[in-house]
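What follows is each chain in one-letter form.
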Amino acid sequence: MGTILEVRGLCRSFGSHRTLRNLTFSINEGEVFGLVGPSGSGKTVTLRILSGSLEGDSGTVSIGGISLAARSRKAHELFGSVAENHPLPGWLTPFEYLRLRVRLKDVRDGRRELSRVLQTYGLLPYGKRYRIGQLSSGHRRLVALADADLAMPPLLLLDGLEPWQVRVALEGRPNSPAVLLTGRSAPELEAICQKFIFLDRGSATVCGEGGRAA
Amino acid sequence: MDRFFAVLSYEWRRVSRAPGFLAVGGIFLLLSTLVFWSVFPSYGAGPRSVRPAVLWLERSWPMVLVLIPALTADTIAGERSAGTFEGLFRDGAAAVEIVLGKFCTLYIYSLFLWSFALILQPLALRAASLSLPFPLATGSEFLKIFRTIALGSAFYLSCGLFLSTIARSSTAAGAATFALLTIFLFGPRIVSKLLSADRWPILWDLLARLAIGPAGRPESVCGGAIAGLVGTATATALVLSAIFLRRR
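Residues numbered from 1 in each chain as written. Chains lettered and ligands numbered in written order. Predicted model: local features only at pLDDT ≥ 70, side-chain atom pairs only at ≥ 80, totals over all residues. Heavy atoms only, no water.

Comments concerning the pattern of salt bridges
Inference 1: Counted under the stated rule, the structure contains 15 salt bridges over all chains.
Inference 2: A salt bridge links B:R17 to A:E96; the shortest N-O distance between them is 2.8 Å. Here B:R17, found in helix α1 (residues 2-17), pairs with A:E96, found in helix α3 (residues 94-105), and the two come from separate chains.
Inference 3: Measuring nitrogen to oxygen at the nearest pair gives 3.6 Å for the salt bridge that ties A:R112 to A:D109.
Inference 4: Within this structure, A:E113, A:R116, A:D149 and A:R173 form a network of salt bridges that share partners. (Salt bridge = Lys/Arg side-chain N within 4 Å of Asp/Glu carboxyl O. Helix = DSSP H or I, 4+ residues; strand = E, 2+ residues; numbered from the N terminus.)

Dropping the structure here:
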């Protein structure tokens, strides 16, 4: 199995506060990886940097061998992400939103892919009937996850999703994607994650596998 | 090209479904009708040198001070602060496609509002069993009215869109657009009054022509040079919007 995500010496500060200190880890293809730590440990900042919405002060991030710093479209095609508080346009229906994302992402065989994600994430009953703003927060997360899963990218970066939601994503795919999932404690993620990295004030402290990590 | 149309359809849904946009459109149509009814009685004694439709546009035009900020402020700054902008466009359309898609939607909506407001007036007259013994405007005057609306809306919307791109919040974008349009609308008029037309004829003429709307009649923008100037300024504002959008 090749490495899909490689993070080396990632640092990020906000003013005098050092949020990430020399963070280094890598994820192999098809691996489900847990990023565990208490509130304020730097999980969301890490995922924001990995998804390209924030820049690190130093360090390198490469996805599928392509540096994220190059801002190439190819690197962005290799992952899908769901932010902790993923804002969605509430005036669109899930169907309209996902169809728009299919067009913007220029997904090949868009219609089939659209019906696949609607079916996989159980959005067919709500797809055209309700607007996103009328859905429960759980269903809104599923819409965001369906968006991230469009075109079946080999890596999913998921911030604060429930393990059952991740399982839906994994079961709906013919090829297992690599997943980086955040959580506050290892026990809540151990049923689904194969590896863990523990973040404590921006530093990676312990790394373990499966249940042994706790 | 498909991404441009995707942005266009997204923006059209946003405009047509947001209660704020519909309220702005409704209030605009109501006020423009009231303006017309305030113009109408002065024509009771017979035709005047200025046709009713021209006078209506002249008196209605300052409504752009509210209409344009209301349409543009939320377009980029508002969506950005709500977070939907980043979620939608982070790995999709290019900055040019986003700016053009949003601009075209707002432009079509704006033209629709002005055209509907103009069509509404003879219909309102007919509904009230009233009629003018002469047309609202001649054919060439209608053409000039539409030219003023088309050019003025494009320029002001592009300015509003640019300010929405660089502002941190929709409130700041709206306030900045209002301030800029006030300068555009009333600045040349004030300056031209301060200057003597005899001593500075070229500058005076240019300022009077730039004051689209309240300073004079629609013919003030019908000249090819002014149309070119406004068109170039519109294109520049849109290009700057795309550049700033890409940088942020």
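Observations regarding the domain arrangement of chain A
Often the size quoted for an interface is simply the accessible area lost on bringing the parts together.
Residue and element names in this part refer to chain A.
Inference 1: In terms of domains, chain A is made up of domain 1 (1-78 + 154-214) and domain 2 (85-152).
Inference 2: Each of domain 1 and domain 2 has a C-alpha centre, and the two are 23 Å apart.
Inference 3: Contacts between domain 1 and domain 2 engage 15 residues on the former and 12 residues on the latter.
Inference 4: On the domain 1 side of the contact with domain 2, Q165, V168 and R173 bury the most area, a combined 35% of that side's loss.
Inference 5: Put simply, domain 1 and domain 2 have 1 salt bridge between them.
Inference 6: Of the charged contacts in the structure, one is a salt bridge between R173 and D149, with a shortest N-O distance of 2.4 Å.
Inference 7: Scanning the region where domain 1 abuts domain 2 turns up 5 residue pairs in polar contact (both at pLDDT 80 or more).
Inference 8: Only β7 (155-158) and α7 (163-171) provide two or more residues apiece to the side of domain 1 that touches domain 2. (Domains from an automatic or database assignment. Contact = heavy atoms within 4.5 Å. Buried area = accessible area lost by both parts, 1.4 Å probe. Polar contact = N/O pair within 3.5 Å; in protein donor to acceptor, adjacent residues only side chain to side chain.)

Digging into the side chain of B:T75
Inference 1: Within the element layout of this structure, B:T75 appears in helix α5 (residues 74-82).
Inference 2: One polar contact links B:T75 to B:R14, side chain to side chain, over a distance of 3.3 Å.

Quick notes on the interface of chain A and chain B
Inference 1: Taken residue by residue, the interface counts 22 residues in chain A and 22 residues in chain B.
Inference 2: Regarding the contact of chain A and chain B, the summed buried area is about 2,000 Å², with carbon and sulfur atoms giving 50% of it.
Inference 3: The largest share of the area that chain A buries against chain B comes from A:W91, A:R103 and A:L104, three residues that together contribute 35% of it.
Inference 4: At the junction of chain A with chain B, the criterion picks out 3 salt bridges.
Inference 5: The interface formed by chain A and chain B includes 4 residue pairs in polar contact (both at pLDDT 80 or more).
Inference 6: Those elements giving two or more residues to the side of chain A that touches chain B turn out to be α2 (73-77) and α3 of chain A.

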